[in-house]
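# Per-entry structural report
Read off the chains here:
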Amino acid sequence: MQDSRMKHMPTGIPSFDPVLNGGGPLGSVILLSGGPGGGNVEFAYSSVLSHARRQKNDQNTIPDNICNPEEIVYFTFTKLESAIRREIELSFHADAEIFDGTVRFIDLSKIYFDASVVPRDWYSNVDIVENIRNRRQEPESLIGEITKQLGTIAEGSLIIFDSLTDIATGAVSESEWRQFIGFLRGLQRISKHWKTTYYLLISDAILEKRRMAEIKDCCDAVITFEWEDTGGRRRQRVMFIEKFRIVMPSLEEQDFVKFAVRITSDGGFEVSNIRMVV
């Protein structure tokens, strides 16, 4: 039984929140790890959409141990805000204006691509004079800009990083990697003070195992999404909780560690049935 004084932030996924006694503990850094089509992106999208709808229509009281996010903030490092919004709208039959006034998108793609070989006119509309001026300046630090932007967000918010892979793969040297891991450990520490929940999306097959293990060690929860063969030619999406600070003992006591998952246009991300793991 969880302490009734503990505050939880719902994931917004009705079939999953009851398993977590209402949601994840406030101040959790949650790694959503998966391969192509595994479901980690859909989990984040469904959560964002659910909270956006609640902010538009919230008229109901909530239990004392539940805290809905003060802000919903979506960081993107390579994707267009319009592309993310459109994908969610089309995938889950959402209204086009659902994110207006409910979700703040922070697009840091300019900083990301400035450090790459991608031509500036592929991601920026500035003129030639501005391009020359920018080339003379020191390139901005992506992590530095993230930390600056985090300081503008209200405490008790829900923040999504799409995706952590974009930052991790940019840490080529060992020094850059140590800076990246230091940032994650600092994020895990300050999240408890800010009582802010983070979803960190990552593609688990891209990084080597040692580096993935370091990233997981910096997070309070690790949820892995993958495909599982069910016999014949059929496959089933599954969600496996590798660790979850505070709530893990309760989950293991009830054998709630692996879940079968389905994704529908009407219901979004759903835990279709609980898989008991021996």
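That block above? That's the structure.
Described below are features of the structure shown in this document. Fair warning: this is a prediction, and the values are worked out from it, not measured in the lab. (Residues numbered from 1 in each chain as written. Predicted model: local features only at pLDDT ≥ 70, side-chain atom pairs only at ≥ 80, totals over all residues. Heavy atoms only, no water.)

## Details of the overall build of the chain
Rules: The helix and strand labels rest on DSSP assignments: H or I over at least four residues marks a helix, E over at least two residues marks a strand, and numbering proceeds from the N terminus. Exposed residues in this analysis have more than 50% of their type's maximum accessible area, buried residues have under 20%, and partly exposed residues fall in between, with area computed by a 1.4 Å probe over protein chains only. A contact between two residues is defined here by any heavy atoms of the two lying within 4.5 Å.
When its secondary structure is counted, the chain shows nine helices and eleven strands. Buried positions account for 48% of the 278 residues belonging to the chain. Counted over contacts in the chain with a minimum sequence separation of 6, partners at least 24 positions apart contribute 69%.

## Some words on the nonpolar core
Heads up, the condition is: In these notes, a set of buried Ala, Val, Leu, Ile, Met, Phe, Trp, Tyr and Cys residues joined through side-chain atoms within 4.5 Å is what counts as a nonpolar core.
If you look at the biggest cluster of nonpolar residues, it comprises 41 residues, and the most contacted ones within it are Phe-16, Leu-32, Phe-43, Tyr-74, Phe-99, Met-239 and Phe-244. No other element matches the six residues that helix H1 (residues 40–57) contributes to this core. By size, the runner-up hydrophobic cluster in this structure holds 33 residues, among which are Ile-111, Leu-187, Leu-207 and Cys-218.

## Notes on the packing of aromatic side chains
Inclusion rule: Side-chain rings of Phe, Tyr and Trp (the six-membered ring for Trp) are treated as a pair once their centres are within 6.5 Å; stacked means planes under 30 degrees apart, edge-to-face means over 60, and tilted covers the remaining angles.
Taken as a whole and judged by the stated rule, the model has 15 aromatic pairs. When the ring of Phe-75 is compared with that of Phe-161, the centres are 5.1 Å apart and the planes differ by 75 degrees; the resulting orientation is edge-to-face. On the criterion of sequence distance, the pair formed by Phe-75 in strand E4 (residues 72–76) and Phe-161 in strand E6 (residues 158–162) is long-range, its members being 86 residues apart. Neither Phe-75 nor Phe-161 differs from the other in exposure class; each is buried. Seen in terms of ring centroids, Trp-177 and Phe-180 are 5.2 Å apart; in terms of plane orientation they differ by 50 degrees. Their pairing is tilted. Note that Trp-177 and Phe-180 are positioned in helix H7 (residues 174–194) at a spacing of three residues, about one turn of the helix. There is no split in this pair, since Trp-177 and Phe-180 are both buried. The rings of Phe-16, Phe-43, Tyr-199, Phe-225, Phe-259 and Phe-269 are connected pair by pair, giving a single aromatic cluster.

## Comments concerning the pattern of salt bridges
Convention followed: Salt bridge, as applied in this entry: a Lys or Arg side-chain nitrogen positioned within 4 Å of an Asp or Glu carboxyl oxygen.
If you walk through the whole model with that rule in mind, you get 19 salt bridges. Note that Arg-210 is salt-bridged to Glu-208, the shortest N-O span being 3.4 Å. Residue Glu-208 is classed as partly exposed on the basis of its relative accessible area, which comes to 43%. Across the salt bridge formed by Asp-220 and Arg-245, the nearest N and O atoms sit 3.4 Å from each other.

## A look at unusual backbone geometry
Most peptide bonds are trans, and most residues other than glycine sit at a negative phi. A cis amide bond links Asp-162 with the next residue in sequence, Ser-163, at an omega value of 0 degrees. On the secondary structure map, Ser-163 appears in the loop between E6 and helix H6 (164–168). With phi around 55 degrees, His-93 is a residue other than glycine that occupies positive phi space. Position of His-93 among the secondary structure elements: in the loop between helix H2 (81–91) and strand E5 (103–107). By relative accessible area, which is 52% here, His-93 ends up exposed.

## Examining helix H5 (residues 142–150)
What counts here: Note that the arc is defined by the directions from the helix axis to the C-beta atoms. Counted as a polar contact is a pair of N or O atoms within 3.5 Å, where, for protein atoms, one must be capable of donating a hydrogen and the other of accepting one, and residues adjacent in sequence contribute only when both atoms are in side chains.
Of all the positions in H5, only Leu-142, Glu-145, Ile-146, Gln-149 and Leu-150 are classed as buried. For H5, the buried positions fall inside an angular range of 140 degrees around the axis, keeping them on one side. The backbone nitrogen of Gly-144 lies 3.0 Å from a side-chain oxygen of the residue at the head of H5, namely Ser-141.

## Looking at the state of the cysteines
Stated precisely, the cut-off is as follows: Criterion for a disulfide: a pair of cysteine sulfur atoms at a distance within 2.5 Å.
Counting across every chain of the model gives zero disulfides. Between Cys-219, a free cysteine, and Cys-218, which holds the nearest cysteine sulfur, the sulfur-to-sulfur gap is 6.4 Å.

## Comments concerning the side chain of Asn-40
Tracing the sequence through the fold places Asn-40 in helix H1. Judged by its relative accessible area of 6%, Asn-40 falls in the buried class. Polar side-chain contacts of Asn-40 include one of 3.3 Å to the backbone oxygen of Ile-202. For Asn-40, the contacting residues outside a window of four places in its chain are Leu-32, Ser-33, Gly-34, Gly-35, Leu-201, Ile-202 and Phe-225.

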